[in-house]
Amino acid sequence: MLIKDNDTRYGTVSRILHWGMALLMLVQLLSATAHMLFDETPFEELLWPTHKPVGFLLLVLIAIRICWALTNRYHRPSSVSLSAKLGHIALYGLLAVVPALGLLRQYGSGRTFEPFGFPLFSGFEGDKIAWMVQPGNLLHGWLGWILFMMIIGHIFMVIWHKRSSTDEDVLPRMWR
Ligand code: HEM
Ligand code: HEM
């Protein structure tokens, strides 16, 4: 079993992080869609309570993933093009910024936050902290939707490379 990455394929740790986060992002997409389109329906009641804890878990995982990517940066498959490289960097960036803005707003709102029962913020009395709340109000939802679009583009590009007769099929690097 290959734990670390090498020049031709991603290792077990990168794969667990990649596919685990892909699954959690699907849950996040469902909860965000329920919030936007199915407000006050059983669908939203079921899914929306998962949004903050799963988002927090994704923030922890992306921090681990960035550290792992940096540790492996000289021995992992090289990007097929500059645009693929920039696309992956943008994905990493948004995967960190979107939940970070949500969490910052959560703290600034003064409300308690206990993801999966873990007492992260105990909350406080008094006014909200504007500089913590406003960036989230302005950007969290929009950047979240942009992130989901980029992931759809990412999946589309994987299929594109696979079907093209001239491009390298990159799926075996992450899947088999
Ligand atoms: C069906 C869904 C998906 C498929 C088939 C897929 C496939 C792949 C493949 C084949 C690679 C390797 C590309 C290469 O080396 O050139 C890759 C890399 C990557 N994927 Fe995905 N992916 C999927 C979903 C996602 C999701 C949901 C995310 C975001 C959470 C994501 C984020 C990334 C990132 C950031 C990389 C760069 C490699 C790294 O450093 O981890 N992917 N993906
Ligand atoms: C990668 C993780 C995350 C993604 C992709 C994400 C995505 C989104 C999206 C797309 C929306 C807009 C839904 C709509 O249009 O109705 C949204 C809303 C929201 N999110 Fe997140 N989120 C994440 C993490 C978090 C975290 C960690 C928190 C708080 C701890 C949070 C709190 C909220 C709240 C309160 C809303 C409703 C207010 C608003 O639209 O800004 N999210 N999220």
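Residues numbered from 1 in each chain as written. Chains lettered and ligands numbered in written order. Predicted model: local features only at pLDDT ≥ 70, side-chain atom pairs only at ≥ 80, totals over all residues. Heavy atoms only, no water.

Going by the annotation in an unreviewed UniProt entry, the name recorded for the protein chain is Cytochrome b, with Litoribrevibacter euphylliae given as the source organism. Taken directly from UniProt, the Cofactor (unreviewed entry) text for the protein chain runs: "heme b". The Subcellular location (unreviewed entry) comment attached to the protein chain in UniProt states, word for word, "Cell membrane". (UniProt positions renumbered as here; feature names shortened; annotations may be inferred.)

Another aspect to go through is the UniProt feature "domain: Cytochrome b561 bacterial/Ni-hydrogenase" (unreviewed entry) in the protein chain. Those residues carrying the UniProt feature "domain: Cytochrome b561 bacterial/Ni-hydrogenase" (unreviewed entry) are residues 9-175 in this numbering. Between the end C-alpha atoms of residues 9-175 there is a gap of 9 Å, over a span that is 71% helix and 0% strand. (Helix = DSSP H or I, 4+ residues; strand = E, 2+ residues; numbered from the N terminus.)

The coordination sphere of the iron atom of ligand 2, as far as protein atoms go, consists of His51 (NE2) and His140 (NE2), spread over 2.0 Å. Taken together, the six donor atoms coordinating the iron atom of ligand 2 and their angles of 87 to 179° define a geometry best described as octahedral. Pair noted here: His51 is in helix 3 (residues 51-71) and His140 is in helix 5 (residues 130-163), with a separation of 89 residues, a long-range link. Its relative accessible area of 15% is what places His140 among the buried residues. (Donors = N, O, S within 2.8 Å, 3.2 Å for Na, K, Ca; no water. Tetrahedral: all angles 85-135°; square planar, octahedral: opposite > 155°, others 65-115°. Buried < 20%, exposed > 50% of the residue type's maximum accessible area, 1.4 Å probe, protein only.)

Note that Phe148 resides in helix 5. Spatially, the C-alpha atoms of Phe148 and Leu26 are 9.2 Å apart, while their sequence positions differ by 122 residues. Non-local contacts of Phe148, meaning those with residues more than four positions away in its chain, are made with Met25, Gln28, Leu29 and Ala32. (Contact = heavy atoms within 4.5 Å.)

A four-donor tetrahedral metal ideally has 109.5 degree angles, and a six-donor octahedral metal ideally has angles of 90 or 180 degrees. Donor atoms from the polypeptide that coordinate the iron atom of ligand 1 comprise His18 (NE2) and His154 (NE2), at 2.0 to 2.1 Å from the metal. Its six donor atoms give the iron atom of ligand 1 angles of 89 to 179° at the centre, a pattern that matches the octahedral case. Separated by 136 residues along the polypeptide, His18 in helix 1 (residues 12-37) and His154 in helix 5 bring together distant segments of the chain. What makes His18 buried here is its relative accessible area of 15%.

Around ligand 1 sit 19 residues in total, of which His18, Arg76, Tyr92, His154 and Arg173 are the nearest. Taking Tyr10, its side chain carries an N or O atom lying 3.2 Å from an oxygen atom of ligand 1. With respect to ligand 1, the side chain of Arg76 contributes an N or O atom lying 2.6 Å from an oxygen atom. Of all the secondary structure elements, the ones that give two or more residues to the shell around ligand 1 are helix 1, helix 4 (82-108), helix 5 and helix 6 (171-174). (Near = heavy atom within 4 Å. Polar contact = N/O pair within 3.5 Å; in protein donor to acceptor, adjacent residues only side chain to side chain.)

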